[in-house]
Amino acid sequence: MKLNKQDILKALELITVPGEGKNMVESGAVTNVQVFGDEVEVDITIKNPSLQAKKKTEVEILKVIHKEVYEKAKIKVNIKVEAPTQPKANLIKGEPIPGIQNIVAVASGKGGVGKSTVTANLAVTLAKMGFKVGLLDTDIYGPSMPIMFDVAMEKPLAVNVEGKSKMKPVENYGVKILSIGFFTQPNQAVIWRGPMAAKALNQMIFDAHWGELDFLLLDLPPGTGDIHLSIMQSLPVTGAVVVSTPQEVALADARKGVAMFNQEAIQVPVLGIVENMAYFTPAELPDNKYYIFGQDGAKHLAEDLEIPFLGEIPLVQSIREAGDVGRPAALQTASPIEQAFEDLTKNVVQEVVKRNTDLPPTEAIKITTMAGCSAVKKK
């Protein structure tokens, strides 16, 4: 059957462009239609760059031509994306803290994926590279940093700064640390409602004397709740790192974690995803890898969400043991664990540099030193 171009255009007028109130032809989305016997080639330009939008547009075109013109037509749809150019916006929110250059939130959709362990090792690796690092344990109900840094019995001192009394963070391994765990007994449960927890968190942020920091890492509690919102409202978070294991249950929640940061009201750039407990290698069989929780799950999620994959950390007994005795595993020199965390840290710093480059020059936050971070050296 020989098809007619006008019939094709008339059929395409039945498809409405979302958000515009016009049909596909009227809006100019249809840029060209060619007919060769029973073959049709349609060129379309859309503004939504998502894979879902492209697929939906193609399916609608196929359906309407088959239904309204010829059910056996051979159709080829060429989709071009021309997203509207947006002016570069400074996505940083909250009041800046004097002296702190970059605030990186480390989050996970669910508990038990090793988020705090990754945060602790990221902190000590940054310090080893020569950066000035602070770590705020924002998990009010389950603080773990005092144990992981072997400072569980320490207490922050009060210091006088410009006539005001401030908390001086506890320091170990070159990292300045504050946690609600310093203010409670080891066997004491914190039973607070959201507003009280948020107030305590604000005190640790704004009533602390952090000094000059290149990075302040935030170890967020699991999930997407009250504490997260309080932080996003009050702090200029540079970017977020999401930690997940490769298994589907963890990935489903990690996807929600990424979605939280991408919410229009929040808009914190996601620097990437870390795959923790990626594989197990027995010490007696160093060449073997056992994918206990699945293989490359977080890597595939990063590809699906079009965000960077920052690296994978193996499931190693000594990482757990090191955290329990208060000496993060990344301090084990000349070990595969140290190398894994160094690779991860370099990728995080690289993504922070990229993210800051996209901000207007007058608002951009600069990193003051690149010592030990070859991944971000410019040519």
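Further up the page is the structure itself.
In what follows, the accompanying structure is described. Owing to the predicted nature of the structure, the values given are computational and were not obtained by experimental measurement.

### So, helix α1 (residues 5-12)
Here is step 1 of the chain: Along α1, the positions that sit buried rather than exposed are I8, L9, A11 and L12. Taken end-on, α1 shows its buried residues confined to a sector of 160°, consistent with a single buried face. Across from the buried face of α1, at angles greater than 90 degrees, the exposed residues are Q6 and K10.
Here is step 2 of the chain: The inward-facing, buried residues of α1 contact β1 (30-36), β2 (39-46) and α2 (51-68).
Here is step 3 of the chain: The N-capping residue of α1, defined by a side-chain oxygen 2.7 Å from the backbone nitrogen of Q6, is N4.

### Here we look at the pattern of salt bridges
Here is step 1 of the chain: On inspection of all chains with the given rule, the structure shows eight salt bridges.
Here is step 2 of the chain: For R320, the salt bridge identified is with D324, shortest N-O distance 3.0 Å. Of this pair, R320 and D324 both sit in helix α9 (residues 317-325), four residues apart, which is roughly one turn of the helix.
Here is step 3 of the chain: Classification of R320 by relative accessible area gives partly exposed; the value is 48%.

### Overview of empty space enclosed by the protein
One way to see where empty space is left: roll a probe the size of a water molecule over the atoms.
Here is step 1 of the chain: Inspection of the entire model under this criterion finds one cavity of 30 Å³ or more.
Here is step 2 of the chain: Space inside the largest cavity adds up to approximately 40 Å³.
Here is step 3 of the chain: Considering the residues around the largest cavity, the lining is formed by T117, A120, N121, M148, I319, G323, P328 and A329.
Here is step 4 of the chain: Residue assignment for the lining of the largest cavity shows that the elements contributing at least two residues are α3 (115-128) and α9.
Here is step 5 of the chain: By residue number, the principal contributor to the lining of the largest cavity is α3, which donates three residues.
Here is step 6 of the chain: For the lining of the largest cavity, a count of residues per class yields five nonpolar, three polar and no charged.

About the thresholds
Residues numbered from 1 in each chain as written. Predicted model: local features only at pLDDT ≥ 70, side-chain atom pairs only at ≥ 80, totals over all residues. Heavy atoms only, no water. Buried < 20%, exposed > 50% of the residue type's maximum accessible area, 1.4 Å probe, protein only. Helix = DSSP H or I, 4+ residues; strand = E, 2+ residues; numbered from the N terminus. Arc of directions from axis to C-beta. Contact = heavy atoms within 4.5 Å. Polar contact = N/O pair within 3.5 Å; in protein donor to acceptor, adjacent residues only side chain to side chain. Salt bridge = Lys/Arg side-chain N within 4 Å of Asp/Glu carboxyl O. 1 Å grid on protein atoms, 1.4 Å probe; cavity = no way out; pocket = protein on both sides within 12 Å on 5 of 7 lines; lining within 4 Å. Points joined across faces, edges and corners; volume = space filled by probe spheres on them. Nonpolar A, V, L, I, M, F, W, Y, C, P; charged D, E, K, R; others polar.

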